[in-house]
Every structure is written in structure tokens, then in C-alpha cells.
Amino acid sequence: MAAAQAGDRRAYERLLADSVALIRSVARRQGVAVDLLDDVVQETLLTVHRVRHTYDPTRSYDAWLAAIASRRAIDALRSHGRRDRREASDSEALESYPDSGDASTETERTQQAKYLREAIAELPPGQREAVEQLGLKEQSLAEAAEHTGRNTGALKVNLHRALKALRNRLYREP
């Protein structure tokens, strides 16, 4: 490494080629999977290239390289672990997130909407009106009060009771 730092290109090439075995060994000891070993080797060699000026020729090159390789191995393990937690397998994804263009999904949505409309229609008139004005038309309390001629407190109470009744009905029946 001292020769490489002095500008000997061939020494630097030999050094990098000879370093691969030690890097792979360190990564395997850290528990890096075989399919990730090449990534760790590449990242370690890139790091060595970037920080080669920090190597102290009076110290062991193998220890310096092993420290860098160990850090890159840990980085790979962390990255791989995060990716595994975020990614779902194909079968899990299909079960959890069906195709939006799937005919059965669209039919199910249509049935749910019909069921919800029927449940709203069966509410007492004051509750139904509160749901229609505040929920479906997304009016503010002031707008709904003006439109219905009722005060905001009555609308709040009716909406609360309507939502409770809808929850009970929708979760009680299929």
C-alpha cells in the first residue's frame, strides 16, 4: 500500500486483487450471505480507493483493510435487513393488494357501496340528513346548518349517532 500511495499503479492493482480474499473472509465471518459477498467486496474496494490516503504505512494493512471490510459488511447486512422488512413476497402482495382492474374487486366495491347506500337510507331522517350533508357532500357544519335549518350542535349529535348506527350495522351483517 505504501508503494501504491507513492504512485506505483501496478503495486496498487496487485494490492486490490490480493485484498479480495481477505475482504470475502471478513464478510463471511460477519454473516454476509454468499449472494451479497461480491457487493461487499466492491463496496470495500471503492472505500479503500476513496480513503487510501489515510492508510498509515507504519501499521498493518490487513488490519486496516479488515476494519473497512467489516464496516461495509455491516452496512450490507443492515441494508439487506431493511429491504427484507419493506418488501413483500409476490403471494403476500397479491393477497393484500389485489389488482385494481380485477373484475372481482370492482364487483366487491360495487356491492359494498350498494350496501352502504341501503344502510344510510334506513337511518332516521335527521341522522340521514347529517350524513348526507356532512359526510357525502362534505359541507362544513355552518353550511349544513344553513342548508337544513338546524343548529350545528344538533347536526353533530345526529352525525355521531348515525355513524355509530352504521358501524353497528356494517360490522354486524356480512
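Here, the structure is the one placed above.
Residues numbered from 1 in each chain as written. Predicted model: local features only at pLDDT ≥ 70, side-chain atom pairs only at ≥ 80, totals over all residues. Heavy atoms only, no water.

Trainee: Even after reading the chapter, I still don't get the overall build of the protein, so can you show me in this structure?
Mentor: If you tally the helices and strands in the protein, you get nine helices and zero strands. Along the protein, helices and strands appear, N-terminal first, in the series α-α-α-α-α-α-α-α-α. Per-residue burial over the protein gives 25% buried out of 174 residues. (Helix = DSSP H or I, 4+ residues; strand = E, 2+ residues; numbered from the N terminus. Buried < 20%, exposed > 50% of the residue type's maximum accessible area, 1.4 Å probe, protein only.)

Trainee: What exactly am I supposed to notice about the packing of helix α7 (residues 125-136) against helix α9 (residues 152-172) here?
Mentor: Relative placement of two packed helices is described by the angle separating their axes and the distance separating the axes. α9 packs onto α7 with a crossing angle of 95° between their chain directions and a minimal axis gap of 8 Å. The pairing of α7 with α9 is recorded here as roughly perpendicular in orientation. Along its contact with α7, which presents G126, Q127, A130, V131 and L134, the element α9 presents L155, N158, L159, R161, A162, A165 and L166. Its residues assigned to classes, the contact of α7 with α9 comprises eight nonpolar, three polar and one charged. (Axes fitted to C-alpha atoms, helices over the stretch in contact; angles between N-to-C directions. Parallel < 35°, antiparallel > 145°, perpendicular 65-115°, else oblique. Contact = heavy atoms within 4.5 Å. Nonpolar A, V, L, I, M, F, W, Y, C, P; charged D, E, K, R; others polar.)

Trainee: It is not clear to me how the nonpolar core should be interpreted in this structure. Could you clarify?
Mentor: Where a protein is soluble and globular, its nonpolar side chains tend to be buried together. Counting 14 residues, the largest nonpolar core has M1, V48, Y61 and W64 as its most contacted members. Taken together, the elements giving at least two residues each to this core come down to α2 (9-30), α3 (37-51) and α4 (61-86). Counting residues per element, this core draws most heavily on α4, which supplies five residues. Residue contacts for Y61: discarding those within four places in its chain leaves M1, L15, S19, V48 and Y55. Judged by nonpolar contacts, the second largest core, of seven residues, contains V32, L36, A73 and A76. (Core = buried A, V, L, I, M, F, W, Y, C linked by side-chain atoms within 4.5 Å.)

Trainee: Please clarify how α9 should be interpreted in this entry.
Mentor: It helps to recall that an α-helix has 3.6 residues per turn; residues three or four apart then point in one direction. With 21 residues, α9 ought to run about 30 Å at 1.5 Å a step, and its terminal C-alpha atoms sit 30 Å apart, in line with that. For α9, the N-terminal cap is N151; the gap from its side-chain oxygen to the backbone nitrogen of G153 is 3.1 Å. (Expected span 1.5 Å × (residues − 1). Polar contact = N/O pair within 3.5 Å; in protein donor to acceptor, adjacent residues only side chain to side chain.)

Trainee: Any chance you could explain the side chain of T47 here in plain terms?
Mentor: Relative to the assigned elements, T47 resides in helix α3. Within the local environment of T47, its side chain forms a polar contact with the side chain of R72, the two groups lying 3.3 Å apart. Setting aside chain neighbours within four positions, we find T47 in contact with I68 and R72.

Trainee: Sorry, what's going on with α3 here?
Mentor: Taking 1.5 Å of rise per residue, 15 residues should cover 21 Å, and α3 covers 21 Å from first to last C-alpha, within 8% of that figure. Burial in α3 covers these residues: L37, V40, V41, T44, T47 and V48. The arc enclosing the buried residues of α3, seen along the axis, measures out at 130°, which places them on a common side. Looking at α3, the residues exposed on the side facing more than 90 degrees away from the buried face are D38 and R50. (Arc of directions from axis to C-beta.)

Trainee: What's the story with unusual backbone geometry in this structure? I'm lost.
Mentor: Of note, the phi angle at E138 is positive, near 55°, even though the residue is not glycine. On the basis of relative accessible area, E138 is assigned to the exposed category, the value being 66%.

This is a description of form; function is not addressed.
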